[in-house]
Amino acid sequence: MKTTIGLAQARDLLQTREELLDSGRTVREIRALVAAGRVIRVRRDRYVEAVAHEGLWGEGRHLVAVVAAHLNADPPGPVFWGPSAAVLLGLPLYRLSPNRVHTVILGARHGRTRAGILQHGVGLDEADIVDIDGIRCTSPERTVLDLACTTSPETALSAADAALRRVAVEGHRQDPERATDWHRRMSLRAAVRTRGIRRARGILDFADGRAQLPGESISRLQLHRIGFTGVELQPHVVGSEGDEYWIDFGFPRNRVFGEFDGRGKYLDPELRRTRSTEDAVLAEKRREDDIRGVTGWRFARWEDRHIRSPDALSARLRAFGVRPPA
């Protein structure tokens, strides 16, 4: 199971050439380890163990590259942009694996690439620059807008949902006023003329902070593409003994609840909230039985492979008797 890391962990994973030498390795051994793929040279004088690097999600691998680029830059360092800002801010990059670090050239009109770093010549106000533990990047709202203009709808929506969730959702409940205020601010930001802005406006309007995982965001997007309307998000059910449950989706017309089952739900200790995978599976079965018992509704479940396309999700839902309105 791949792991998620933060900024401090990314810094800890990186080693300099001097640190490798201090650990007892020779220059020849370091070169041999890099050639064999056991140690990865992230940037000049910045290395990471291949096993640790390969065990990270794409966001974590890119975060390591961003931190290495910052460490190699002259103070105060570049302002990171787009996908590189997203990983610093802890926003997801659904199915996006950047192969270059993205920065902003302040005051420039044209971008350029240097040593694997893509420098964007975009307009940027000082108010849109934030400091994340000593590393500068674009603000969450500016980053979401840039992603909405330049990445796939899937990538952009998962990031927008996550950003909105931070400011408008507590637990499973979204504050309508805070959500409306976020949408208003993003609408003002999107009142510009730039490449991709029309699609970006649609993504920003569609954002909903109640999605807890990127898989739920993409599920909602595919349901919309299929033609589902009136789908309930995070419907609330009180169990037979007073337990409170929130379900990913509700299809009132079909009397069916829908759940996205990402692998992490059962395998990732931080997500499953139980001691073992077996405990997680048993707890989920008890939860579903209780919900079905008090509501009489059935369950439809799908996984990552079912949200790759609208057709794949549509076929999965039809297997549970769930069909969009005619």
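Scroll up a little and you will see the structure.
Residues numbered from 1 in each chain as written. Predicted model: local features only at pLDDT ≥ 70, side-chain atom pairs only at ≥ 80, totals over all residues. Heavy atoms only, no water.

## Description of the pattern of salt bridges
Selection rule: Basic side-chain nitrogens of Lys or Arg form a salt bridge, by our definition, when they fall within 4 Å of a carboxyl oxygen of Asp or Glu. Numbering of helices and strands runs from the N terminus, with a helix taken as a DSSP run of H or I at least four residues long and a strand as a DSSP run of E at least two residues long. When a residue's accessible area, from a 1.4 Å probe over protein chains only, is under 20% of the maximum for its type it is buried; when over 50% it is exposed; and in between it is partly exposed.
One pass over the structure, following the stated rule, counts 23 salt bridges. Across the salt bridge formed by Glu49 and Arg25, the nearest N and O atoms sit 3.2 Å from each other. Linking Glu49 in strand β2 (residues 46-49) with Arg25 in the loop between α2 (17-22) and α3 (27-35), this pair joins segments that are 24 residues apart in sequence. Judged by relative accessible area, which is 27%, Glu49 ranks as partly exposed. Between Glu288 and Arg301 there is a salt bridge, with its nearest N and O atoms 2.8 Å apart.

## Side note on the layout of surface pockets
The condition is simple: Cavities and pockets were defined on a 1 Å grid built over protein atoms only: a cavity is a set of grid points that admits a 1.4 Å probe from which the probe cannot escape, a pocket is an open set flanked by protein on both sides within 12 Å along at least five of seven lines, and lining residues are those with an atom within 4 Å of any such point. Grid points are joined across faces, edges and corners, and a volume is the space filled by probe spheres set on the points.
By volume, the second largest pocket amounts to about 350 Å³. What lines the second largest pocket is a set of 13 residues, among which Val122, Cys149, Thr150, Thr194 and Arg195 lie closest to the centre. A per-element tally of the lining of the second largest pocket places helix α7 (residues 140-150) first, with 5 residues.

## A look at empty space enclosed by the protein
Stated precisely, the cut-off is as follows: We call Asp, Glu, Lys and Arg charged. Ala, Val, Leu, Ile, Met, Phe, Trp, Tyr, Cys and Pro are nonpolar, and the rest, Gly among them, are polar.
For the structure on display, the rule yields 1 cavity of 30 Å³ or more. Space inside the largest cavity adds up to approximately 60 Å³. In terms of lining, the largest cavity is formed by Arg210, Ala211, Glu216, Arg220, Leu233, Gln234, Asp248 and Phe249. Split into classes, the residues belonging to the lining of the largest cavity amount to 3 nonpolar, 1 polar and 4 charged.

## Thoughts on unusual backbone geometry
The omega angle of the peptide bond from Pro75 to Pro76 is 5 degrees, so this bond is cis rather than trans. Along the chain, Pro76 turns up in the loop between α5 (58-71) and β3 (79-80). Even without being glycine, Asp45 reaches a positive phi, approximately 65 degrees. Along the chain, Asp45 turns up in the loop between β1 (39-43) and β2.

## Brief notes about the packing of aromatic side chains
Put simply, the rule reads: Pairing of aromatic rings covers Phe, Tyr and Trp, the last counted by its six-membered ring, and requires centre-to-centre distances within 6.5 Å; plane angles under 30 degrees mean stacked, over 60 mean edge-to-face, and any other angle means tilted. Placement of a positive charge over a ring is assigned whenever Lys NZ or Arg CZ falls within 6 Å of the ring centre and within 35 degrees of the normal to the ring plane.
Summed over all chains, the structure comprises 4 aromatic pairs. Among the aromatic residues, those joined into a cluster by ring pairs are Phe257, Trp297 and Phe299. It is Arg220 that lies over the ring of Phe206; its NZ or CZ is 4.7 Å from the centre.

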